Amino acid sequence: MDCMTAAIWPLFDLRVSTPRLSLRYITDDLAGELADLAARGIHDTDTMPFSEPWTDVAPPDLQRNTVRYFWRCRADTTPERWTLNLAAHHRNERLFGVCTLNAERFPTTRTATTGSWIGREFQGRGLGKEMRQAALHLIFAGLNGETAATRAWHDNTASLRVTGSLPYTERGAVQEPRRTRPDTMLAFAMTRERWQTIHRSDIRLTGVEPVRKFLGIPTGREAAPWQR
């Protein structure tokens, strides 16, 4: 646990738990472990699943840039703009990836965008969908969001497979830089109403009320048992 307490930074106590995994806000210790996990590989070198090609850098710069990113996101967290980086642990406590939620003017827009990565040694086990469902539960049940967005390159089959298995609506395609050339990025969104058709009763949130206050999010709804 970092020296900074949850009383100062409530995100340190935030947790999303499913029967298969848990998501926890990234501390400095977890940042170092995740940097090493990323250095062991996330994807084939001939493709790039990210908007920013951060994995093209060789160790130890890859690890250093990874922890810098986590630190920068933490430092820039305000009610107007935030990026929540959550470490993904398997039920056996093994760390296997990162789930990210980011938003601008969330108290007004009630929209957050999800992203994630999983270490190669843990891929192909269905953890991507479970992690996405945990993130959606946090957005809708925990933060009282109205829309969850996600994006993926047109050939990112793993991400698109997860998105296609859930009630998203495609929002369109845009051309964006990908390494040295433009390529097609697909955008998707899910409303609260569509999420309620897949709402799960076996996902639990911990520490969410202080986080809502910290991020300036009005409660707006009566707290359900899974929000405690």
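All of the points below concern the structure found in this document. Every chain's residues receive numbers from 1 upward, in the order its sequence appears when written. Side-chain atom pairs in this predicted model are given and counted only at pLDDT of 80 or more, local residue features only at pLDDT of at least 70, and totals for whole chains, interfaces and linings cover all residues. Water and hydrogen atoms were dropped before computing side-chain values, which therefore reflect all heavy atoms in the structure.

1. Quick notes on the pattern of salt bridges
Okay, step 1: Within this document, salt bridges are pairs made up of a side-chain nitrogen of Lys or Arg and a carboxyl oxygen of Asp or Glu, the two lying within 4 Å of each other. For the coordinates displayed, the defined rule picks out 17 salt bridges.
Okay, step 2: In this structure, Glu176 engages Arg151 in a salt bridge whose closest nitrogen and oxygen atoms are separated by 2.8 Å. Of this pair, Glu176 sits in strand β7 (residues 169-178) while Arg151 sits in strand β6 (residues 147-153), and the two are 25 residues apart along the sequence.
Okay, step 3: The shortest N-O distance in the salt bridge between Asp155 and Arg178 comes to 2.9 Å. Taken together, the residues span a long stretch of sequence, with Asp155 in the loop between β6 and α5 (157-164) and Arg178 in strand β7 at a distance of 23 residues.
Okay, step 4: Only protein chains enter the area calculation, which uses a 1.4 Å probe; residues under 20% of their type maximum are buried, those over 50% are exposed, and those in between are partly exposed. Looking at Arg178, the relative accessible area reads 6%, which means it is buried.
Okay, step 5: One network of salt bridges, in which partners are shared, links Asp155, Arg178, Arg181 and Asp183. A run of H or I in DSSP becomes a helix once it reaches four residues, and a run of E becomes a strand once it reaches two; helices and strands are each numbered from the N terminus.

2. Here's the deal with the environment of Arg132
Okay, step 1: The residue Arg132 is located in helix α4 (residues 127-142) in this model.
Okay, step 2: When its relative accessible area of 8% is taken as the criterion, Arg132 is described as buried.
Okay, step 3: Not counting the four nearest positions on each side in its chain, Arg132 is found in contact with Thr114, Thr150, Ser159, Val162, Thr163, Leu166 and Tyr168.
Okay, step 4: Polar contacts, as used here, are pairs of N or O atoms within 3.5 Å; protein pairs need one atom able to donate a hydrogen and one able to accept it. Residues neighboring in sequence count only if both atoms are side-chain atoms. Polar contacts involving the side chain of Arg132 include one to the side chain of Thr163, which spans 3.0 Å.
Okay, step 5: Engagement of the side chain of Arg132 in a polar contact is seen with the side chain of Tyr168, the distance being 3.2 Å. Whether two residues are in contact is decided by their heavy atoms: any pair within 4.5 Å suffices.

3. A few points about the packing of aromatic side chains
Okay, step 1: Stacked, tilted and edge-to-face are the three classes applied to pairs of Phe, Tyr and Trp rings, where Trp contributes its six-membered ring and a pair requires centres within 6.5 Å; stacked means planes under 30 degrees apart, edge-to-face means over 60, and tilted covers the rest. The final tally for this structure, using the stated rule, is eight aromatic pairs.
Okay, step 2: Summarising the aromatic geometry, the rings of Phe96 and Phe122 are spaced 6.3 Å apart at their centres and angled 50° between planes, so their arrangement reads as tilted. One end of the pair, Phe96, is in strand β4 (residues 95-104); the other, Phe122, is in the loop between β5 (111-118) and α4, and 26 residues separate them in sequence. For the pair Phe96 and Phe122, a shared accessibility class is recorded, and that class is buried.
Okay, step 3: Between Phe140 and Trp195 the ring centres are 5.1 Å apart and the planes differ by 20°, which places this aromatic pair in the stacked class. Separated by 55 residues along the polypeptide, Phe140 in helix α4 and Trp195 in helix α6 (residues 192-195) bring together distant segments of the chain. Exposure class is identical for Phe140 and Trp195. Each is buried.

4. With respect to the sheet that holds β4
Note on sheets: strands pair through backbone hydrogen bonds, and any given pair is parallel or antiparallel.
Okay, step 1: Pairing in this open sheet of nine strands is mixed, and the strands run β7-β8-β6-β5-β4-β3-β2-β1-β9 from one edge to the other. Every interior strand has two partners, whereas the edge strands, β7 and β9 (204-206), have only one. Taking the axes of each pair of neighbouring strands and ignoring which way they run, one obtains an average angle of 25° across the sheet.
Okay, step 2: All axes are obtained by fitting lines to C-alpha atoms, using only the stretch in contact for helices, and the reported angles, taken between N-to-C directions, cover 0 to 180 degrees. Sheet strands in contact with α5 are β6 and β8 (181-191), and its direction is about 150° off that of β6. Only strands joined by at least two bridges in the DSSP assignment are considered to pair.

5. Here we look at the environment of Phe188
Okay, step 1: Of note, Phe188 is situated in strand β8.
Okay, step 2: Given a relative accessible area of 11%, Phe188 falls into the buried group.
Okay, step 3: Along the chain, Phe188 and Gly119 lie 69 residues apart, while their C-alpha atoms are 24 Å from each other.
Okay, step 4: Phe188 has contacts with Ala148, Ala149, Thr150, Leu160, Thr163, Tyr168, Thr169, Glu170 and Arg171, leaving out every residue within four places of it along the chain.

6. Observations regarding the nonpolar core
Okay, step 1: To define a nonpolar core, start from buried Ala, Val, Leu, Ile, Met, Phe, Trp, Tyr and Cys residues and group those joined through side-chain atoms within 4.5 Å. If you look at the biggest cluster of nonpolar residues, it comprises 64 residues, and the most contacted ones within it are Leu23, Leu34, Trp82, Leu101 and Leu138.
Okay, step 2: No other element matches α4, which puts nine residues into this core.

7. A word on helix α2 (residues 61-75)
Okay, step 1: Expected span of a helix: the number of residues minus one, times 1.5 Å. Over its 15 residues, α2 runs 21 Å from end to end, which matches the ideal 21 Å to within 8%, given 1.5 Å per residue.
Okay, step 2: Residues of α2 that are buried include every one of Leu62, Gln63, Thr66, Val67, Phe70, Cys73 and Arg74, and no others. With its buried residues spanning 130° around the axis, α2 presents them on a single face.
Okay, step 3: Check the buried side of α2 and you find it contacts β2 (21-25), α1 (28-39), β3 (81-90) and β4. This arc is built from the directions going out from the helix axis to the C-beta atoms.

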